[in-house]
Amino acid sequence: MTDVLWLMMMRGMMMNLENQSHSSFEPPVVLSIAGSDSGGGAGIQADLKTWEALQVFGTTALTCVTAQHPEGVEAIMPLEPETVRQQIAAVCDHFPVRTAKTGMLYSADIIRVVAAEDVHEGIPVLVVDPVMVAASGARLLKADAIEAIKHDLLPQARVVTPNLHEAEILCGHSISSLDELRAAAREIGDQFDVACVVKGGHLDGEEVVDVLYDEGEEHVFATPRIRTAQTHGAGCTFSAALTAYLAQKLLMHDAVKAAKHFVHQSLQHTLRVGRHQPLNFSWNCGAAGTQ
Ligand code: PXL
């Protein structure tokens, strides 16, 4: 190769590099305050996978390390509340966080740190996924922490996303029909002055019906039920997708609708991973098996 050709080639490569390093894409920044699921299907791992697929920039503040797989939780190791506070501060001081979500918070002390005025100031929009019990039945929130969710955290939230069982605990009575689900969304929304999406996956029926109550208005969303053996992580994925769409400035109604669609598709295209069938978080990325 002549020197001239070599020089031309090097110049071309440098120009390519230059073009790549000046990308103008500025993804919105989102923050997950949640626990780690070593199995990779729920918790912080589900949030980050969902956010990657939705092209927002995910940051994290870890609350607990869990040793688990889709069938059960073997151990829970909470972090010091002060360590949780430091992670949130480190992220919020250095990134323009647009929206954040909470997942597994585990203890009243961790919840109070997240709800504290100075911490909350750095988070313009907070999505609270009131994680209490895993699909496998394991407790992910101490019994005495429920009051802290209600009285400290919910007043700071823009939207809360309970499943049926969590909604029963938040509104204080049982829910066994769509009408009761709708009433619960309204009661929780009014009581805590927050938008509330109650997810109806645990009610029977050919459709999964979720109800959003926001600023005095009710919206009902229905998708065909997917009969899958494994729904571990579906709740985390819903709240993570909602957090991403709100960061992308969708209105609440549209963000809920889009998040429900994202979960539906992730369940429709489940993966085979060993003997498990986790959600396919990247169903929209042209990944194997989705086309
Ligand atoms: O899906 C709720 C959830 C949230 N966070 C962590 C979890 C789970 C369910 O297992 O493990 C860490």
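Before any of the text, the structure's been laid out above.
Just so you know, these numbers come straight off a predicted model, no measurement behind them.

A. Inspection of the packing of aromatic side chains at higher detail. Applying the stated criterion to the full structure yields 2 aromatic pairs. Taking 6.0 Å as the distance between ring centres and 25° as the angle between the ring planes, the aromatic pair formed by Phe57 and Phe95 counts as stacked. Linking Phe57 in strand β2 (residues 57–69) with Phe95 in the loop between α3 (81–94) and β4 (97–102), this pair joins segments that are 38 residues apart in sequence. A relative accessible area of 42% means that Phe57 is categorised as partly exposed. Taking the relative accessible area as the measure of exposure, Phe95 reaches 35% and is therefore partly exposed. Considering the side-chain rings of Phe262 and Trp283, the 5.6 Å spacing of their centres and the 55° angle between planes classify their relative orientation as tilted. You can see Phe262 sitting in helix α10 (residues 252–268) and its partner Trp283 sitting in the segment after α10, a full 21 residues away along the chain. Looking at Phe262, the relative accessible area reads 0%, which means it is buried.

B. Summary view of the side chain of Asp129. One can find Asp129 in the loop between β5 (125–128) and α6 (146–153). One buried charge, Asp129, has no salt-bridge partner; the nearest side chain with opposite charge is Lys101, at 4.2 Å. Reaching out from Asp129, the side chain makes a polar contact with the side chain of Ser239 at a distance of 3.0 Å. Among residues more than four places away in sequence, those in contact with Asp129 are Lys101, Thr102, Gly103, Thr161, Glu166, Lys199, Gly235, Cys236 and Ser239.

C. Highlighting helix α9 (residues 234–247). If you check α9, its first and last C-alpha atoms are 20 Å apart, about what 14 residues at 1.5 Å a residue would give, namely 20 Å. Extensive coverage of α9 is indicated by the burial of 13 of its 14 residues. The first or second residue beyond α9 is Lys249, which carries a positive phi of 70°.

Scoring rules and cut-offs
- Residues numbered from 1 in each chain as written.
- Predicted model: local features only at pLDDT ≥ 70, side-chain atom pairs only at ≥ 80, totals over all residues.
- Heavy atoms only, no water.
- Phe/Tyr/Trp six-rings, centres within 6.5 Å; stacked < 30°, edge-to-face > 60°.
- Helix = DSSP H or I, 4+ residues; strand = E, 2+ residues; numbered from the N terminus.
- Buried < 20%, exposed > 50% of the residue type's maximum accessible area, 1.4 Å probe, protein only.
- Lys, Arg positive; Asp, Glu negative; His and termini not counted.
- Salt bridge = Lys/Arg side-chain N within 4 Å of Asp/Glu carboxyl O.
- Polar contact = N/O pair within 3.5 Å; in protein donor to acceptor, adjacent residues only side chain to side chain.
- Contact = heavy atoms within 4.5 Å.
- Expected span 1.5 Å × (residues − 1).

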